[in-house]
Amino acid sequence: MLNFGKNFSLSASELSLFLLSLAIITWTVAIYYSKLDIGNYGIISGLNPLYFVSITILTISFFYTIKKNIGNTKLLILHTTFLVIFISLIPVLFEGTPRFYGNFHSSTNIDYILQYGHSNNTVIPYQSWPGIFYFGTIFSFINDVDTVNIILMVSMIFFYINILVNYLIFSTFLDKRAVWAGLLLSNVLFFGSPVYFVPGVLGTLMITLAIITFLRFEVVNSRASFATWIMFLIFSGTAVVSHFLSSVSLAMALLFFAILTLIFGLVKNRYQKNEENKTTFNLSKIEKWGVTLNFIIKFGLVMVMIVAFQVYVAGSYSMNNIMNSINSIFNFGLLITQTAQMGFAGSQSHTQAVLIRIISASILISLAGIGFIYGFFTKKERKLKDLLVPTWIVSNSSMALLTSYSGEIVSRTFSLSFNLFNTLAAKLINHKYLSIVFLAVLIIAPPLSIINAYGNEAVDYVAPTEIAGADFLFNHLSSGVGYPYGNEGSYVKGLTERTLLIKYSQNLYYYKLDANLTSWNDVFPSNLRGVFKNYYVIISDRDIQSYNFIYVPVDVDLLKSIKSVRSYSKIYDNKEYNIYYLESL
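Analysis parameters
- Residues numbered from 1 in each chain as written.
- Predicted model: local features only at pLDDT ≥ 70, side-chain atom pairs only at ≥ 80, totals over all residues.
- Heavy atoms only, no water.
- Helix = DSSP H or I, 4+ residues; strand = E, 2+ residues; numbered from the N terminus.
- Buried < 20%, exposed > 50% of the residue type's maximum accessible area, 1.4 Å probe, protein only.
- Contact = heavy atoms within 4.5 Å.
- Areas by Shrake-Rupley, 256 points an atom, 1.4 Å probe, with all protein chains shown as cover.
- Core = buried A, V, L, I, M, F, W, Y, C linked by side-chain atoms within 4.5 Å.
- Phe/Tyr/Trp six-rings, centres within 6.5 Å; stacked < 30°, edge-to-face > 60°.
- Lys NZ or Arg CZ within 6 Å of the ring centre and 35° of its normal.
- Polar contact = N/O pair within 3.5 Å; in protein donor to acceptor, adjacent residues only side chain to side chain.
- Axes fitted to C-alpha atoms, helices over the stretch in contact; angles between N-to-C directions.
- Left-handed = near helix turned anticlockwise from the far one by under 90°.
- Nonpolar A, V, L, I, M, F, W, Y, C, P; charged D, E, K, R; others polar.
- pLDDT = per-residue confidence, 0-100.
- Patch = residues over 30% accessible without salt bridge, like charges linked within 9 Å, V, L, I, M, F, W, Y side chains within 5 Å.
- Salt bridge = Lys/Arg side-chain N within 4 Å of Asp/Glu carboxyl O.
- Pairing = 2+ DSSP bridges.

Draft legend 1. Structural context of the overall build of the protein. Secondary structure summary: the protein contains 23 helices and 7 strands in total. By residue count, 52% of the 585 residues in the protein fall in the buried class. Of all intrachain contacts in the protein linking residues separated by at least 6 positions in sequence, the fraction that spans at least 24 positions is 75%. Accessible area for the protein stands at about 26,100 Å²; split by element, carbon and sulfur atoms hold 62% of it.

Draft legend 2. Region of interest: unusual backbone geometry. At Lys575, a position not held by glycine, the phi torsion is positive, near 80 degrees. Along the polypeptide, Lys575 turns up in the loop between β6 (568-573) and β7 (577-582).

Draft legend 3. Geometry of the nonpolar core. Ranked by internal contacts, the top residues of the largest apolar core, which has 129 residues, are Tyr51, Ile66, Leu215 and Ile450. When near neighbours in sequence (up to four residues on either side) are disregarded, Leu215 contacts Phe173, Val220, Asn221, Phe257, Phe295, Leu388 and Trp392. By size, the runner-up hydrophobic cluster in this structure holds 13 residues, among which are Leu513, Ile544, Leu559 and Tyr568.

Draft legend 4. View of the packing of aromatic side chains. In total, this model carries 17 aromatic pairs according to the counting rule given. With a centroid separation of 4.1 Å and an interplanar angle of 20 degrees, the aromatic rings of Phe100 and Tyr196 are classed as stacked. Here Tyr196 lies in the loop between α8 (176-188) and α9 (199-220) and Phe100 lies in the loop between α4 (90-95) and α5 (102-116), a separation of 96 residues in the sequence. With 5.9 Å between their ring centres and 25 degrees between their planes, Phe414 and Phe421 make a pair best called stacked. By relative accessible area, Phe421 is classed as buried at 10%. Put simply, the rings of Phe191, Phe414, Phe418 and Phe421 pair up and form one aromatic cluster. One cation-aromatic arrangement involves Lys298 over Trp229; the distance from NZ or CZ to the ring centre is 3.2 Å.

Draft legend 5. Examining the side chain of Thr26 more closely. Along the polypeptide, Thr26 turns up in helix α1 (residues 12-32). Look at Thr26 and you get buried, because its relative accessible area is 12%. In terms of polar contacts, Thr26 uses its side chain to reach the backbone carbonyl oxygen of Leu22, at 2.7 Å. Look past the residues within four positions of Thr26 in its chain and what remains in contact with it is Leu50, Val53, Ser54 and Ile57.

Draft legend 6. Structural view of the environment of Ser11. With respect to the helices and strands, the residue Ser11 is situated in the loop between β2 (8-10) and α1. For the pair Ser11 and Lys68, spaced 57 residues apart in the sequence, the C-alpha separation amounts to 10.0 Å.

Draft legend 7. Seen up close, the packing of helix α3 (residues 73-88) against helix α7 (residues 147-173). Viewed as axis vectors pointing N to C, α3 and α7 meet at an angle of 145 degrees, and their least axial separation amounts to 11 Å. The crossing of α3 and α7 is right-handed. Residue-level inspection shows Thr80, Thr81, Val84, Ile85 and Ser88 of α3 in contact with α7, the latter providing Met156, Phe159, Tyr160 and Ile163. Looking at side-chain class alone, the contact of α3 with α7 contains 6 nonpolar, 3 polar and no charged residues.

Draft legend 8. Geometry of the confidence of the model for the protein. Put simply, the protein has an average pLDDT of 80, and 81% of its residues get 70 or more. In the model, residues 273-288 has pLDDT below 50 throughout and makes 20 contacts with residues more than four positions away in sequence or in other chains. With pLDDT under 50 throughout, residues 479-487 is counted as low confidence; its partners more than four residues away or in other chains account for 14 contacts.

Draft legend 9. Representation of the environment of Thr28 in the model. Note on placement: Thr28 falls in helix α1. A relative accessible area of 45% places Thr28 in the partly exposed class. Among the polar contacts made by the side chain of Thr28, one reaches the main-chain carbonyl oxygen of Ile24 at a distance of 2.8 Å.

Draft legend 10. Spatial organisation of a nonpolar patch on the surface. A contiguous nonpolar surface patch, about 620 Å² in accessible area, is contributed by Ile25, Val29, Tyr32, Tyr33, Leu50 and Val53. Elements supplying a minimum of two residues to the nonpolar patch: α1 and α2 (50-68). Looking at the element boundaries, Val53 is found in helix α2.

Draft legend 11. Structural detail: the environment of Thr80. Structurally, the position occupied by Thr80 is in helix α3. Measuring from C-alpha to C-alpha, the distance between Thr80 and Asn187 comes to 8.0 Å, with 107 residues separating the pair along the chain.

Draft legend 12. The arrangement of the pairing of β7 in detail. With 6 of 6 residues buried, β7 is to be regarded as a mostly interior element. Here β7 shows two buried faces, one formed by Tyr577, Ile579 and Tyr581 and the other by Asn578, Tyr580 and Leu582. For β6 and β7, the ladder comprises 5 bridges, and the chain directions are antiparallel. If you follow Lys570 over to β7, its bridge partner there is Tyr580. Linking β6 to β7, which pair antiparallel, is a turn of 3 residues; within it Lys575 sits at a positive phi near 80 degrees.

Draft legend 13. Representation of the pattern of salt bridges. A full pass over the atoms with the stated rule returns 4 salt bridges. Among the ionic pairs, Asp573 bridges to Lys570, the shortest N-O distance being 2.9 Å. A relative accessible area of 37% means that Asp573 is categorised as partly exposed. Owing to a relative accessible area of 39%, Lys570 belongs among the partly exposed residues under this scheme. Linked through salt bridges whose partners overlap, the residues forming this network are Glu95, Arg99, Glu457 and Asp460.

In structure tokens, the structure reads:
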């Protein structure tokens, strides 16, 4: 109880509720005075300082509630709900369109299924793993929502799905106080990628549910049943048809767990025999051969599903990925080079945003390391449960050695283990002094998180003008109505993919503009002239901004000098997005 005098005092619950209310009011004022202003560190430059004051108040209130009032579950749920709202509503409130142009790749696939009634991995190879595309198609059909709004809405839904998944993970390995500390940390130190509407998100979600279903009910609590087997198979199957890397990750995790339980069982059996008179260890059913056999059976089932799907459904596209992965095994030099190029070979602004992510990830991994040491080495008895999360992290990390996804695989492996790092770090809440370190990280986390999630906004933001322009291009090239140029073999030039991923057109041939072109004669390679009947060039202000952010400066004057070239005619202009047609060469 906080006492302010004889006539006024606050209990722990009342103080938490007061701070929560203050945070909500402050956040509301901050949002009113904030705007969409994209700078070198993304959208953070447009947020009113009160925004961070509100999150800090809410974070302290959440931490205080966990420490002093852990029994008030309703109050803890309120804090979690508003914490997610504070961060996740940014795209909706300020952008109004889905962020991250890769999301629009998914909408392209959804549009194809809506148009033709089925997926087709021959036309679009990425549809070899159609899980999330069918999910979006069903969502669109049932709710009568267009694809652009689907990827805006579903991303929001994933925020809350992640809370439920995190709760399952945390409650499997942690006590109640640490469970809520994990939920606090995972929503304050935030990276953004888990909510994109892309195949990897659904795949990661499914493998997480598959693994935690097995660990929670069969390994940790020994409550295996027919229902848990069915759940495991459903989650595993969905992962396999949703994402190639996720299905491989699931197989690797089960293999690592099987090896762990085998080794752990052998060590404890030997220790029990040698120290029979000195120990009271009782090997449970979970720590004997039965659990290893279960792992082997499940690993076998998953491998059968993966192999069958890759060979008979995904086909050659999958086989090429597998062969590239095998060829790149243990190529550390290539992995380091590609990772450095993706993170630091671009503009200074992009490099700074990447450095913030690296610092944030390092902080989380350090907290997780301290949490593991605190949790493992302070126990008198070592249990299989204590090693499951570290083993899971190691299995995820092994993916970086077995695949050929360039430097992107490093961020993919971190994303796979993000919730697991939070699991280990949350243990610090139970230590008197380490909890202070935990709180310090929570307080500095919000500004880092905004940069982590929205620092790439120069690229990730897709303006309404781009969507309108891309829709016009799609409709024009598909129908040719009102234009004499027809729709066969249309050739389009633009700086990045972001301008053309809104819709799917089978007749669209897309190539990137050379940012260093010296004249418009360089726009179309001579060997392609005469091959295509139609030539289009896209000039988008947002496109230029994104290219400047990640790659190299663009000669904007040269790009816009197209207006004075007689051989081009402007067919579309919405002030920020222009489409030009090149007459026959």
